[in-house]
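Summary of the model geometry
The primary structure of each chain is shown beneath.
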Amino acid sequence: MAAEQQNEVKILQKEENKENSIDGSLGLEILQIIKDSQQQHGLRHGDYQRYRGYCSRRLRRLRKTLGFKMGNRHKFTGKKVTVELLSDNRHLLLVLMEAERAWSYAMQLKQEANTEPRKRFHLLARLRKSATHGEQLEKLCESPRVDAKTKLEAQAYTAYLNGMVQFELQEWKSAMEAFNKCKTIYEKLASAFTEEQAVLYHQRVEEISPNIRYCAYNIGDQNAINDLMQMRLSAGGGGGMMAEKLEALITQTRAKQAAVMSEVEWRGRTVPVKIDKARIFLLGLADNEAAIIQADNEETKERLYESLLAECRDTIQAVREELRNDVKQRERAAEGAESGKVSNLQYLHSYLTYIKLWTVVRRNESMAHALQAKLKEPQTDENKRGPRPQDLIRLYDIILQSLAELSSLQGLEEDHTFQKEVALKTLVYKAYRCFYIAQSYVLVKKWSEALVLYERVLKYTREIQSKAKSFNNSLKDLPDVQELIAEVSAEKYSLQAAAILDTEDVTEVPPQQQIKDNTPLYDRLDHFRLDPTLLSKQPNLVQFPPDFQPIPCKPLFFDLALNHVAFPPLDDKVEQKGKGGITGYFRGFFGFGS
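This is a predicted model, so every value here is computed, not measured. (Residues numbered from 1 in each chain as written. Predicted model: local features only at pLDDT ≥ 70, side-chain atom pairs only at ≥ 80, totals over all residues. Heavy atoms only, no water.)

Some remarks on the overall build of the protein chain
Looking only at helices and strands, the protein chain features 19 helices and two strands. A burial count over the protein chain gives 39% of its 594 residues as buried. In the protein chain, the proportion of contacts linking residues at least 24 apart, taken out of those at least 6 apart, comes to 67%. For the protein chain, the computed accessible surface area is about 37200 Å², with 52% contributed by carbon and sulfur atoms. (Helix = DSSP H or I, 4+ residues; strand = E, 2+ residues; numbered from the N terminus. Buried < 20%, exposed > 50% of the residue type's maximum accessible area, 1.4 Å probe, protein only. Contact = heavy atoms within 4.5 Å. Areas by Shrake-Rupley, 256 points an atom, 1.4 Å probe, with all protein chains shown as cover.)

Given below as structure tokens:
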């Protein structure tokens, strides 16, 4: 904490030096200061509480530096910055930090108001407070001692805060006027400076534009929702606060349109939609699919797919809870099981599950196309792991699993047309999966297994062509089978050529030089033979340990005459011991006498 405060003091000193104007007039880089402070103190991660704490600490340091105390430790005395006191640009910075502190507190309360609606009243009070401080800053900047750029930035900042207040109050016309004023000032400032200085102003204009379009929609402009969708596409795959704001505005717009939607038709059956979450999701489904088609890069497309899947899962969960809570649903389900027809709510659940599973299929197919393109590109960095056929096999496994779940949806068991379409799509993806399994075998030089798998791919494609005649529109969303057939035919010829060349490499050495002989090199120095083991880590140079060999040794002598020799008696040489009795025993024991 101490290190962070020291860093804040250094930043403060640096900005104060930057704010001093050359001609002696007072100047303040308002937008630059608040953007730098927000990025360095929590708003990069959406932490408004941390930013509010930073604003409070900076206000305390500024008041201490300027001697602008609000009473003493015993009594509070309110004190405002007036034009007469305006002798240093830090007086302007003081008012700016008060506005930022109130604004950050309001944004913190806005996050908490999702679960605690009562905090919305406090949120509006803090927003009004920030707008009041902004108006005070604008009045101070009307002084002739303040330069023109600071005056324009203060007007734009005040207009932005007033627009935020009116936006939260749902006063769309007033909010739109305030945002347009702010946008116009920043655009003028951007045109008056260099490109490097204008980047910050253009970013601010992009942040304000979604709010303007949302206000226009609420006033009556029906094309505003299309503009919001285009803004979401242009936001790219980075996400962040801008993307979250766009998602929230689009959801609010669809919620207003969903009030007029009452039913949906799928596979010849009309189902009433009474759940608001399902209405909002189905209303925006076409827009989401159009946005995915218009996406410029794979990163944006992947982000849109994930957003659509997350929204679909939430909708399915809402319908599932409704099914669980509906007591009459169980009775209708029992009756429907006998008649073969499911209830409307269950059929809606099947429709939403179909959307989710088919979206998973399309997402994995899009990822597979991107991997196929990378697989065909030559590898520049050998140390970096590139895409492999095994990665594509995994994607096609997920696709086949989703198609298997599609065929078991409730209410569609008797729909033979649907079941045939799913079976046809399964065959197509099976063919592609089999093709990449064969490719993985080619990499490890298993020619026979790869050739058999290529033949199976051709078998699948012939079966697809025979069944696709009755389904003219079923293959338009699927990968091209003719392209797969041409690729398999080319790969088969390449495979056969590679197998023949690999066989020739094996038989290139003459047969007499390939005879397996474990004779060490020391024993065959007079005969040349190509032995690759001599270059290995264990060359066969000599035999170790060597074999045992017979050698001459000393003769063995056996003494056979010893048994027939008679030795002379030695009794006279042996000492005879006398018999002394018990007295002799004691005498010898105590050491006297012999």
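Notes on unusual backbone geometry
With an omega of -5 degrees, the peptide bond running from phenylalanine 544 to proline 545 counts as cis. A positive phi angle, near 50 degrees, is found at arginine 267, a position not held by glycine. As for its placement among the helices and strands, arginine 267 is situated in the loop between strand 1 (263–266) and strand 2 (269–272).

Comments concerning helix 12 (residues 298–325)
For helix 12, which comprises 28 residues, the first-to-last C-alpha distance of 41 Å matches the rise-based estimate of 40 Å (1.5 Å per residue) to within 8%. Here helix 12 has its buried residues at Thr300, Lys301, Arg303, Leu304, Tyr305, Leu308, Leu309, Cys312, Thr315, Ile316, Val319 and Leu323. (Expected span 1.5 Å × (residues − 1).)

Concerning the packing of aromatic side chains
For the structure shown, the criterion picks out 16 aromatic pairs. A ring pair is formed by phenylalanine 167 and tryptophan 172, whose centres lie 5.5 Å apart and whose planes are at 80 degrees; its orientation type is edge-to-face. Tryptophan 172 gets classed as buried once you look at its relative accessible area, which sits at 15%. Taking 6.2 Å as the distance between ring centres and 35 degrees as the angle between the ring planes, the aromatic pair formed by tyrosine 396 and tyrosine 429 counts as tilted. (Phe/Tyr/Trp six-rings, centres within 6.5 Å; stacked < 30°, edge-to-face > 60°.)

Observations regarding a nonpolar patch on the surface
On the surface, a nonpolar cluster with roughly 620 Å² of combined accessible area is contributed by Tyr522, Leu525, Leu541, Val542 and Phe544. Here leucine 525 lies in the loop between helix 18 (481–506) and helix 19 (581–589). A relative accessible area of 59% means that leucine 525 is categorised as exposed. (Patch = residues over 30% accessible without salt bridge, like charges linked within 9 Å, V, L, I, M, F, W, Y side chains within 5 Å. Salt bridge = Lys/Arg side-chain N within 4 Å of Asp/Glu carboxyl O.)

Things to note about helix 6 (residues 148–168)
Between its first and last C-alpha, helix 6 extends 31 Å over 21 residues, near the 30 Å set by a 1.5 Å rise per residue. Looking one or two places after helix 6, you find glutamine 170, whose phi comes out positive at around 60 degrees.

Re the pairing of strand 1
Along strand 1, the buried face is formed by Val264 and Trp266; none of Glu263 and Glu265, which line the opposite face, is buried. Here strand 1 pairs with strand 2 via four bridges, running antiparallel. What sits directly across from glutamate 265, in strand 2, is threonine 270. Between strand 1 and strand 2, which pair antiparallel in sequence order, lie two residues; one of them, arginine 267, sits at a positive phi of approximately 50 degrees. (Pairing = 2+ DSSP bridges.)

Let's talk about the packing of helix 4 (residues 89–112) against helix 5 (residues 119–141)
Helices that pack against each other are described as a pair by the angle of their axes relative to one another and the distance between those axes. Axis separation between helix 4 and helix 5 bottoms out at 8 Å; the angle between their running directions is 160 degrees. Viewed along their axes, helix 4 and helix 5 adopt a mutual orientation that is roughly antiparallel. Crossing hand, helix 4 versus helix 5: left-handed. Each residue belonging to the contact of helix 4 with helix 5 can be placed in one class, and the counts come to 15 nonpolar, five polar and six charged. (Axes fitted to C-alpha atoms, helices over the stretch in contact; angles between N-to-C directions. Parallel < 35°, antiparallel > 145°, perpendicular 65-115°, else oblique. Left-handed = near helix turned anticlockwise from the far one by under 90°. Nonpolar A, V, L, I, M, F, W, Y, C, P; charged D, E, K, R; others polar.)

Some remarks on the environment of tyrosine 432
Within the secondary structure, tyrosine 432 is located in helix 16 (residues 416–443). Between the C-alpha atoms of tyrosine 432 and tyrosine 460, which are 28 residues apart in sequence, the distance is 9.4 Å. The residues contacting tyrosine 432, other than those within four sequence positions of it, are Tyr396, Pro479, Asp480 and Leu484.

What about the packing of helix 5 against helix 6?
Interhelical geometry of helix 5 versus helix 6 gives an angle of 160 degrees and a closest axis separation of 9 Å. In this view, helix 5 runs roughly antiparallel relative to helix 6, as classed from their interaxial angle. Crossing of helix 5 against helix 6: the hand is left-handed. Only Thr150, Lys151, Ala154, Gln155, Tyr157, Thr158, Leu161, Asn162, Met164, Val165 and Glu168 of helix 6 make contact with helix 5, whose side of the interface consists of Arg120, Leu123, Leu124, Leu127, Arg128, Ser130, Ala131, Gly134, Glu135, Leu137, Glu138 and Cys141. Looking at side-chain class alone, the contact of helix 5 with helix 6 contains eleven nonpolar, six polar and six charged residues.

A word on the pattern of salt bridges
On inspection of all chains with the given rule, the structure shows 16 salt bridges. Notably, a salt bridge pairs lysine 149 with glutamate 29, separated by 3.0 Å at the nearest N-O pair. Separated by 120 residues along the polypeptide, lysine 149 in helix 6 and glutamate 29 in the loop between helix 1 (2–19) and helix 2 (30–40) bring together distant segments of the chain. Here glutamate 29 falls in the partly exposed class, since its relative accessible area comes to 26%. The salt bridge partner of arginine 362 is glutamate 289, with a shortest N-O separation of 3.8 Å. Taken together, the residues span a long stretch of sequence, with arginine 362 in helix 14 (residues 344–376) and glutamate 289 in helix 11 (residues 276–294) at a distance of 73 residues. The partly exposed category is assigned to glutamate 289, whose relative accessible area is 29%. Overlapping salt bridges bring together Lys35, Arg204 and Glu207 as one network.

Here we look at the confidence of the model for the protein chain
With 79% of its residues at a pLDDT of at least 70, the protein chain reaches an overall mean of 79. The least confident element of the protein chain, judged by mean pLDDT, is helix 1 at 49; the most confident is helix 5 at 93. Confidence over residues 236–242 falls short of pLDDT 50; this stretch has eleven contacts with residues more than four positions distant or in other chains. (pLDDT = per-residue confidence, 0-100.)

A closer look at the environment of leucine 406
Its location among the elements puts leucine 406 in helix 15 (residues 389–406). Separated by 51 residues in sequence, leucine 406 and isoleucine 355 have C-alpha atoms that sit 9.8 Å apart. Beyond its immediate sequence surroundings of up to four residues, leucine 406 is in contact with Tyr354, Leu357, Trp358, Phe418 and Val422.

Structural notes on the side chain of serine 143
You can see serine 143 is positioned in the loop between helix 5 and helix 6. For serine 143, a relative accessible area of 4% puts it in the buried group. Aside from chain neighbours lying at most four places away, what touches serine 143 is Val83, Leu86 and Lys151.

Comments concerning the nonpolar core
One finds Leu282, Leu348 and Ile355 to be the most contacted residues of the largest nonpolar core, which totals 68 residues. Among the elements that line this core, the one with the most residues is helix 16, at 13 residues. Viewed by domain, this core spans two of them, domain 2 (249–327 + 344–375) and domain 3 (396–502), each represented by three or more residues. Of all hydrophobic cores here, the second largest spans 59 residues; its members include Leu31, Leu62, Tyr201 and Ile212. (Core = buried A, V, L, I, M, F, W, Y, C linked by side-chain atoms within 4.5 Å. Domains from an automatic or database assignment.)

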